[in-house]
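Observations on the three-dimensional arrangement
Given next are the chains, with one letter for each unit.
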Amino acid sequence: MTPIYLDYAATTPVAPEVAEAMASCLTLDGTFANPASRSHRYGWQAEEAVETARGQVANLVGADPREIVWTSGATESNNLALKGVFESANIAADSVGHLLVSAIEHKAVLDPAQWLVEQGHELSLIAPDNTGQISAASVRDALQENTRLVSVMLVNNELGTINPIAEIAAVCRAHGCLLHVDAAQAVGKLPVNVTDLGVDLLSMSAHKIYGPKGVGALYVRRSGDVKVAAQIHGGGHERGMRSGTLATHQCVGFGVAAELARDELDSAPNRMVALRDRLWRGIENLPGVRLNGHATERACGHLNVSFGQVDGELLLLSLRELAVATGSACTSASMSPSYVLKAIGLSDAEALASLRISLGRYTTADEVERAIGHINAVVGKLTAKAG
């Protein structure tokens, strides 16, 4: 039997509508040309398709299309935001800047942050509370005179906990520093409006919202205060921030996925919350079980659960009917306990015995009931053996 897919936070399948739109951009009878080729009709058509997609992505987050920079995904967007701000032309080469980052960010933020330290800049990590939230007060307390950028994710990728970004943005504005937000786990799952949030930079990824892998975007607020130095050079594309021939089919796929997500925002999250809560009710009475993360301020599809009385490795190996994760996809090859779960107070054993279960658009009520039965059966057997 094919395992039930419950790892939508890692990636999502491409929606049929998205695949169809992408296919129309691949062959000679479609919109296959280089969008930067402005000397013939083929190039014009490709450019039009890319700009239509840019508008669709912009609409999803309430931005101006001119504020959307295409990238290869949220990892590149995060690197461009952090490195680009610190390397921008208005910063003196010998000046030391301060970066303030949540301690439980994705590695795509933590690693470039550490790289900036190696370049001579300063870094402070903000600890979360025991639900995984980063408060505006904790950001305010950690700011320094030379703080140039704060980076806090909107939704934590392991816990699903939602951060009070608008409050954090107000603190950053009062201090005069920029705010970057990794919204890869938030866009398409809850309403995201860059103006309401007050952010300066915001990262997105298509494959988290039923679009293709290999394409993302960085929102860059149009303001003289927000300067981002390119990390990829070679032609000055994307307003000079990201050179390279655009993959028309991937941009178009992202655009269609963004439009579908926007159309479903009034209904899909509520459906997922109902399924997620049913799954939790079906397993919450198992011995040693606890919910990790915030009980209410949580993205609709996320459920992170610790099965405290069983061996974590045995648990994962035994859940053969489910495709779930022990943490984020980027760290799944490691058997070390999740740094996110450790940061909110879990022991090594509790962290290793935790699962991230994430639901999505194609999750059914029947799959949830089957998952409940399977988890109960497996945990019951492992608990009996441990006793």
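For the structure itself, consult the block above.
Now for a quick tour of the structure. (Residues numbered from 1 in each chain as written. Predicted model: local features only at pLDDT ≥ 70, side-chain atom pairs only at ≥ 80, totals over all residues. Heavy atoms only, no water.)

Some thoughts on the overall build of the protein
Regarding its fold elements, the protein presents 14 helices and twelve strands. In summary, the protein has a C-alpha radius of gyration of 21 Å against a globular reference of 21 Å for 387 residues, a match within 12%. For the protein, the C-alpha atoms occupy an extent of roughly 70 × 55 × 35 Å along the three principal directions. Residues classed as buried in the protein amount to 56% of the 387 residues present. (Helix = DSSP H or I, 4+ residues; strand = E, 2+ residues; numbered from the N terminus. Rg over C-alpha atoms; globule rule 2.2 N^0.38 Å. Buried < 20%, exposed > 50% of the residue type's maximum accessible area, 1.4 Å probe, protein only.)

Quick word on the sheet that holds strand β12 (residues 354-358)
With respect to topology, three strands assemble into an open sheet ordered β9-β10-β12, the strand pairing being antiparallel. Edge positions in the open sheet fall to β9 (289-292) and β12, since each of these has one partner strand only. Taken over all neighbouring pairs, the strand axes of this sheet differ in orientation by 30° on average, direction set aside. As paired elements, strand β10 (residues 302-307) and β12 share five bridges and run antiparallel to each other. The residue bridging S306 from the neighbouring strand is S354, located in β12. Against the sheet, helix α10 (residues 268-283) engages β9, β10 and β12, with an angle of about 10° to β10. (Pairing = 2+ DSSP bridges. Axes fitted to C-alpha atoms, helices over the stretch in contact; angles between N-to-C directions. Contact = heavy atoms within 4.5 Å.)

Here we look at the packing of aromatic side chains
By the definition in use, this model includes five aromatic pairs. Plain terms: the ring middles of F32 and Y42 are 5.7 Å apart, the flat faces sit at 50° to each other, and that makes the pair tilted. Separated by ten residues along the polypeptide, F32 in the loop between α1 (16-23) and α2 (41-61) and Y42 in helix α2 bring together distant segments of the chain. For F32, a relative accessible area of 36% corresponds to the partly exposed category. Consider the rings of Y210 and Y362, whose centres lie 5.6 Å apart with planes at 85°: the pair is edge-to-face. Note that Y210 is positioned in the loop between β7 (201-205) and β8 (216-220) and Y362 in the loop between β12 and α14 (365-386), a separation of 152 residues in sequence. Assessed through its relative accessible area of 35%, Y362 is described here as partly exposed. Feature note: the residues Y5, Y8, Y210 and Y362 constitute an aromatic cluster, connected by ring pairs. (Phe/Tyr/Trp six-rings, centres within 6.5 Å; stacked < 30°, edge-to-face > 60°.)

Description of the packing of helix α3 (residues 74-86) against helix α4 (residues 107-118)
Closest axis-to-axis distance for the α3/α4 pair is 9 Å, and the angle between their directions is 30°. Classified by the interaxial angle, the pair formed by α3 and α4 is roughly parallel. As α3 runs across α4, the sense of the crossing is right-handed. Counting all contacts with α3, which are made through T75, N78, N79, L82, K83 and F86, the residues of α4 involved are A108, V109, P112, A113, W115 and L116. (Parallel < 35°, antiparallel > 145°, perpendicular 65-115°, else oblique. Left-handed = near helix turned anticlockwise from the far one by under 90°.)

Considerations on the pairing of β8
Among the five residues in β8, five count as buried, and that is most of the element. Residues G216, L218 and V220 point to one face of β8 and A217 and Y219 to the other, with burial holding for every one of them. Where strand β2 (residues 68-71) and β8 come together, four bridges link them in antiparallel fashion. Residue W70 lies in a different strand from β8, and its bridge partner there is A217.

Observations regarding the nonpolar core
Core analysis: the largest hydrophobic core is formed by 62 residues, its most contacted members being L202 and M204. For this core, the leading source of residues is helix α9 (residues 248-264), giving eight residues. Counting residues in each nonpolar core, the second largest holds 27 residues, with L279, W280, L286 and V368 among its members. (Core = buried A, V, L, I, M, F, W, Y, C linked by side-chain atoms within 4.5 Å.)

Thoughts on the environment of A170
Position of A170 among the secondary structure elements: in helix α6 (residues 165-175). Look at A170 and you get partly exposed, because its relative accessible area is 35%.

Examining the sheet that holds β7
For sheets, the rule is that strands pair by backbone hydrogen bonds, running either parallel or antiparallel. Reading across from one edge, β2-β8-β7-β6-β5-β3-β4 is the order of the seven strands in this open sheet, with mixed pairing throughout. Edge positions in the sheet fall to β2 and β4 (122-126), since each of these pairs with one other strand and no more. Each neighbouring strand pair of the sheet contributes to a mean axis angle of 20°, computed without reference to strand direction. With three bridges joining them, strand β5 (residues 147-151) and strand β6 (residues 178-182) adopt parallel strand pairing. From the neighbouring strand, S151 faces β6, where its bridge partner is H180.

Remarks on a nonpolar patch on the surface
Together, L28, F32 and Y42 give the surface a local cluster of nonpolar side chains, amounting to about 340 Å² of exposed area. With respect to the element layout, L28 can be found in the loop between α1 and α2. The class for L28 is exposed, based on a relative accessible area of 68%. (Patch = residues over 30% accessible without salt bridge, like charges linked within 9 Å, V, L, I, M, F, W, Y side chains within 5 Å. Areas by Shrake-Rupley, 256 points an atom, 1.4 Å probe, with all protein chains shown as cover. Salt bridge = Lys/Arg side-chain N within 4 Å of Asp/Glu carboxyl O.)

Description of the pattern of salt bridges
A complete count under the given rule lists twelve salt bridges for this structure. Between R356 and D7 there is a salt bridge; the shortest N-O distance is 3.3 Å. Residue R356 is found in strand β12, and its partner D7 is found in the loop between β1 (4-5) and α1; the two are separated by 349 residues along the sequence. Each member of the pair, R356 as well as D7, is classed as buried. Measuring nitrogen to oxygen at the nearest pair gives 2.6 Å for the salt bridge that ties R221 to D200. A residue pair is termed long-range when its members are at least 10 positions apart, and R221 in the loop between β8 and α8 (237-240) and D200 in the loop between α7 (194-197) and β7 qualify at 21 residues. In this structure, a network of salt bridges that share partners links the residues E51, R54 and E238.

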